[in-house]
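Report on the structure
Listed below, chain by chain, are the residues.
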Amino acid sequence: MDYSQLKCHYDYIIVGAGLYGATFARRATDAGYSCMVIEKRDHIAGNVYTEPVEGINVHRYGAHIFHTADKRVWDFVNELVPFNRYTNCPVAKAPNGKMYNLPFNMNTFYQMWGVETPAQAQAKLDEQRAEAVEAMRADGVTEPRNLREQALTLIGHDIFEQLIDGYTRKQWGRPCESLPAFIIKRLPVRMTFDNNYFNDPYQGVPEGGYTLLVERLLDGVDVLLDTDFFDRRDEWMSRCDKLVYTGPIDRFYDYRFGKLQYRTVRFETEVVETPNYQGNAVVNYTSADVPFTRIIEHKHFETFGQAVYDNPRTVISREYSTEWSEGMEPYYPVNDDVNSAIYTRYEEMARRETKVKFGGRLARYRYYDMAPVIAEALSAEL
Ligand code: FAD
Ligand code: UDP
């Protein structure tokens, strides 16, 4: 839509056409409020944006797999676009040259140690965990102080060396000793032959891509693309009763308490003249000597079995994790002590606002998955 087609005044102006902004706009529109969404990119959908390349929906800002235990959220999205049966089962190529199943489960333990039963795997894990606990005790430590100690006491040194150490260093740009233990705690350790990366009961990818989902969320909503809110901030503020802001919170307050840090990802996407490049949507490269963290083969999110061969081409993306700097897309908040303290000061300012609501990943400076972002927008006060 054009600037000239906008109404003079809206009940809500929403900054950001990502999942938070679009879900909020849907609810407010259905409740009878007039809404307008401003988006600085040239497309809707924020980081879940998918675009067709060679007939394949490519996840431009990284692989997105929807998973949730929240039935209300699952039903809400499925009413807009049916989700398929995609289940995330990544595999990892390790420094020793072998492939392993993820998350850590009986298949991984069999591949790593040749163990065939849960009891055998448990014995191996207990032995390696005991070594790690012993080493920590020698240092006078009882609780894991960092990601390295957490990983060694959770899963042992073999898996740490082959599947965790190099990948984590690449992903975070810091040694495992300098990272908080909680990052690794969310990875499941399963004593069953189950390669499903997530524990949630509902999982899938929208048939036709995430952009279609967001298009349906924004049906009937005025959307202005290629527009940075800050270029006309005063005008937008005066043209609405309430503003919903989903961009970076530090920018909203002119960085007065300092800039928040992020990690970002650079994607190298290419079309390959083969129907099936790696046989799986996600292959992690856990060696520190390989510069990228993983390769995504997009067709496997929506095409299964023999149908993969119907398209003679495929699209792959290599992901390189890097430190964020001005002008790059902010992806992962760095929730360390310094950044959390800065965020708390912005949050205090936000709480005092009467006309502005803050929502989503950047405004809340939180590593939110898609389902919690939608849940938050569904329960936000109108
Ligand atoms: P965003 O999608 O970032 O939307 C915010 C929008 O605001 C953007 O479009 C931005 O351009 C716009 N904006 C910002 N500032 C301005 C401004 N000044 N003016 C106008 N517009 C502005 N979640 C999962 O559940 N499963 C996954 O597998 C998964 N994988 C991920 C992989 C990667 C690499 C990343 C980075 C995230 C992943 N996520 C995943 C998380 C998921 O992307 C987020 O939960 C979701 O996209 C957040 O939606 P949002 O609306 O808060 O933010
Ligand atoms: N991780 C790892 N090896 C892998 C996959 C994950 O060591 O092959 C570790 C890594 O530290 C990562 C954390 O587990 O930061 C969480 O992984 P997840 O895939 O949940 O991270 P995401 O990329 O979704 O944030």
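A quick note: this is a predicted structure, and the numbers were derived from the prediction, not measured. (Residues numbered from 1 in each chain as written. Chains lettered and ligands numbered in written order. Predicted model: local features only at pLDDT ≥ 70, side-chain atom pairs only at ≥ 80, totals over all residues. Heavy atoms only, no water.)

Neighbouring ligand 2 are 15 residues; L163, T168, W172, Y197 and N284 lie closest to it. The side chain of Y197 places a nitrogen or oxygen atom 2.7 Å from an oxygen atom of ligand 2. Protein coverage of the free-state accessible area of ligand 2, which is 520 Å², stands at 91%. Looking at the shell around ligand 2, the elements with two or more residues in it are α6 (157–172) and α7 (182–185). Counting residues per element, the shell around ligand 2 draws most heavily on α6, at 6 residues. Residues belonging to the shell around ligand 2 are distributed by class as follows: 10 nonpolar, 4 polar and 1 charged. (Near = heavy atom within 4 Å. Polar contact = N/O pair within 3.5 Å; in protein donor to acceptor, adjacent residues only side chain to side chain. Areas by Shrake-Rupley, 256 points an atom, 1.4 Å probe, with all protein chains shown as cover. Helix = DSSP H or I, 4+ residues; strand = E, 2+ residues; numbered from the N terminus. Nonpolar A, V, L, I, M, F, W, Y, C, P; charged D, E, K, R; others polar.)

The full set close to ligand 1 counts 34 residues, and E39, H64, R361, Y368 and M370 are the nearest of them. At 3.1 Å, a backbone N or O of L19 approaches an oxygen atom of ligand 1. When ligand 1 is considered free in solution it has 1000 Å² of accessible area, and contact with the protein chains removes 97% of it. Of all the secondary-structure elements, those providing two or more residues to the shell around ligand 1 are α1 (19–30), α12 (360–363) and α13 (370–379). Here the shell around ligand 1 takes 3 residues from α12, the largest share from any one element. Class assignment for the residues of the shell around ligand 1 results in 18 nonpolar, 9 polar and 7 charged.

Reading across the sheet, the 7 strands line up as β7-β6-β12-β13-β14-β11-β15 and stay open at both edges, with mixed pairing between neighbours. The sheet is open, and its two borders are formed by β7 (99–101) and β15 (332–333), each paired with just one other strand. Note that strand β6 (residues 91–93) and β7 share 3 bridges and pair antiparallel. Bridge pairing in β7 places V91 opposite N101. (Pairing = 2+ DSSP bridges.)

As a further point, take the nonpolar core. Of all hydrophobic cores here, the largest spans 53 residues; its most connected members are L19, F66, L218 and F301. Put simply, the parts of the chain that give this core at least two residues each are β1 (10–15), α1, β2 (35–38), α2 (71–80), α8 (210–217) and α13. Top contributing element to this core by residue count: α13, with 7 residues. Setting aside residues up to four positions removed in sequence, F66 forms contacts with V73, W74, V77, F83, Y202, Q203, G204, Y210, M370, A371 and I374. (Core = buried A, V, L, I, M, F, W, Y, C linked by side-chain atoms within 4.5 Å. Buried < 20%, exposed > 50% of the residue type's maximum accessible area, 1.4 Å probe, protein only. Contact = heavy atoms within 4.5 Å.)

Let us look at the pairing of strand β12 (residues 282–285). Across the two faces of β12 the burial is the same, with V282 and N284 and V283 and Y285 all buried. The sheet contact formed by β6 and β12 spans 3 bridges and is parallel. Bridge assignment links K93 to a residue of β12, and that residue is Y285. Pairing between β12 and strand β13 (residues 294–297): 3 bridges, direction antiparallel. Within β13, the residue paired with V282 across the bridge is I296.

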